[in-house]
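Residues per chain, in single letters:
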Amino acid sequence: MLSGIIRESISKSDVKALRKNGYLIANIYGKGKENIHCAFKRNAFIREIKSKTDLIFEVEVGAQKYPVVIQEYQKDPITSEIIHVDLMLAQQGVEAKYSVKVRTVGTPKGLKNKGVLMMSKKRIKVKSKPENLPKNYEINVTDLDVGDVVLVRDLPTFEGVKIVERDDVAIVGVIKSR
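Residues numbered from 1 in each chain as written. Predicted model: local features only at pLDDT ≥ 70, side-chain atom pairs only at ≥ 80, totals over all residues. Heavy atoms only, no water.

Looking at an unreviewed UniProt entry, the protein carries the name Large ribosomal subunit protein bL25, with the source organism given as Helicobacter ganmani. Within the UniProt record for the protein, the comment given under Sequence similarities (unreviewed entry) is "Belongs to the bacterial ribosomal protein bL25 family. CTC subfamily." (UniProt positions renumbered as here; feature names shortened; annotations may be inferred.)

See the structure below:
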């Protein structure tokens with residue numbers, strides 16, 4: 001489990017000092033809850049994110065444990081290192097917006113006909129309670145030929161999960177290569 005420290009001060013100089021010591025600045029927030037200003041060791045955070053299997057993961061800040069979801073992160077424009085992350089509390093029974101990963105399965109038959117598989121969307125925005133949240137949207141692409149696409153309306157439905165994207169948006173398709 002990822003553990004972090006609570007930031008006592010949110011001043012610019014303290015943030016710079018924490019970043020210099022290898023910390024990643026973070027905020028944890030949730031509906032009806034007070035914001036928690038914290039920091040995590042950057043390398044430990046990245047390692048945890050790469051190894052997680054679910055959208056929701058637990059962090060420990062101070063003596064408390066929180067189930068959270070990455071809502072947004074900011075990168076340094078020059079070094080591309082993550083410098084700030086916003087974590088949203090995944091509160092049981094509280095509906096919120098999440099970005100769920102899209103995974104393709106299989107090899108499209110259109111690749112044999114000089115086609116290329118194009119992923120237009122890697123994540124789908126949904127509105128749901130955390131307990132109803134799907135792990136990911138799995139799309140079988142084996143029957144896709146050149147010119148075929150999978151739209152948002154073609155995605156499987158889960159009980160208690162509402163997709164907030166337009167239903168005519170393409171997610172994945174096979175296009176003709178040059």
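**Remarks on the sheet that holds strand β7 (residues 96-105)**
With respect to topology, four strands assemble into an open sheet ordered β10-β7-β9-β12, the strand pairing being mixed. Two strands bound the open sheet, and with one partner strand each, they are β10 (137-140) and β12 (161-163). Each neighbouring strand pair of the sheet contributes to a mean axis angle of 40°, computed without reference to strand direction. Sheet topology places strand β9 (residues 123-128) next to β12; three bridges connect them, and they run antiparallel. Across the sheet, K127 pairs through a bridge with K162, a residue of β12. (Pairing = 2+ DSSP bridges. Helix = DSSP H or I, 4+ residues; strand = E, 2+ residues; numbered from the N terminus. Axes fitted to C-alpha atoms, helices over the stretch in contact; angles between N-to-C directions.)

**So, the UniProt feature "domain: Large ribosomal subunit protein bL25 L25" (unreviewed entry) in the protein**
In the UniProt entry, the feature "domain: Large ribosomal subunit protein bL25 L25" (unreviewed entry) is given for residues 3-87. Annotation note: span residues 3-87, helix share 22%, strand share 47%, distance between end C-alpha atoms 14 Å.

**Things to note about the sheet that holds strand β1 (residues 2-6)**
Strand pairing in a sheet relies on backbone hydrogen bonds. The paired strands run either parallel or antiparallel. Read around the barrel, six strands follow the order β1-β3-β2-β6-β5-β4 and close on themselves; strand pairing throughout is mixed. Here the strands of the sheet are splayed against their neighbours by 45° on average, with no regard to which way each runs. Seen against the sheet, helix α1 (residues 12-20) touches β1, β2 (23-29), β3 (36-41) and β6 (82-89) and runs at an angle of roughly 125° to β2. The strands touched by helix α2 (residues 42-51) are β1, β2, β3, β4 (57-61), β5 (64-75) and β6; relative to β3, the strand with the most contacts, the crossing angle is about 90°. (Contact = heavy atoms within 4.5 Å.)

**Considerations on the pattern of salt bridges**
Evaluated as defined, the whole model comprises four salt bridges. A salt bridge links R42 to E81, with the shortest nitrogen-to-oxygen separation between them at 3.9 Å. With R42 in helix α2 and E81 in the loop between β5 and β6, this pair connects stretches of sequence that are 39 residues apart. Relative accessible area serves as the criterion here: at 40%, E81 is assigned to the partly exposed category. A salt bridge links R166 to D168; the shortest N-O distance between them is 3.1 Å. (Salt bridge = Lys/Arg side-chain N within 4 Å of Asp/Glu carboxyl O. Buried < 20%, exposed > 50% of the residue type's maximum accessible area, 1.4 Å probe, protein only.)

**Observations concerning the packing of aromatic side chains**
Scanning the entire structure with this criterion turns up two aromatic pairs. Sitting over the face of the ring of Y23, K41 holds its NZ or CZ atom 4.6 Å from the ring centroid. (Phe/Tyr/Trp six-rings, centres within 6.5 Å; stacked < 30°, edge-to-face > 60°. Lys NZ or Arg CZ within 6 Å of the ring centre and 35° of its normal.)

**Thoughts on the UniProt feature "domain: Large ribosomal subunit protein bL25 beta" (unreviewed entry) in the protein**
UniProt feature "domain: Large ribosomal subunit protein bL25 beta" (unreviewed entry): in the numbering of this structure it lies at residues 97-177. Along residues 97-177, the helical share is 0% and the strand share 46%, with 36 Å between the first and last C-alpha atoms.

**Section: the domain arrangement of the protein**
Domain annotation for the protein reports domain 1 (2-90) and domain 2 (97-176). The straight-line distance from the C-alpha centre of domain 1 to that of domain 2 is 29 Å. Each partner contributes residues to the interface: domain 1 has eight residues there, and domain 2 has eight residues. Between domain 1 and domain 2, the buried area comes to about 570 Å², and carbon and sulfur atoms account for 69% of it. It is L55, I56 and M88 in domain 1 that bury the most area against domain 2; as a group they hold 59% of the surface buried on that side. Applying the counting criterion to the domain 1 and domain 2 interface returns zero salt bridges. Linking domain 1 with domain 2 are zero residue pairs in polar contact (both at pLDDT 80 or more). Along the lines of polarity and charge, the residues of the side of domain 1 that touches domain 2 split into five nonpolar, two polar and one charged. (Domains from an automatic or database assignment. Buried area = accessible area lost by both parts, 1.4 Å probe. Polar contact = N/O pair within 3.5 Å; in protein donor to acceptor, adjacent residues only side chain to side chain. Nonpolar A, V, L, I, M, F, W, Y, C, P; charged D, E, K, R; others polar.)

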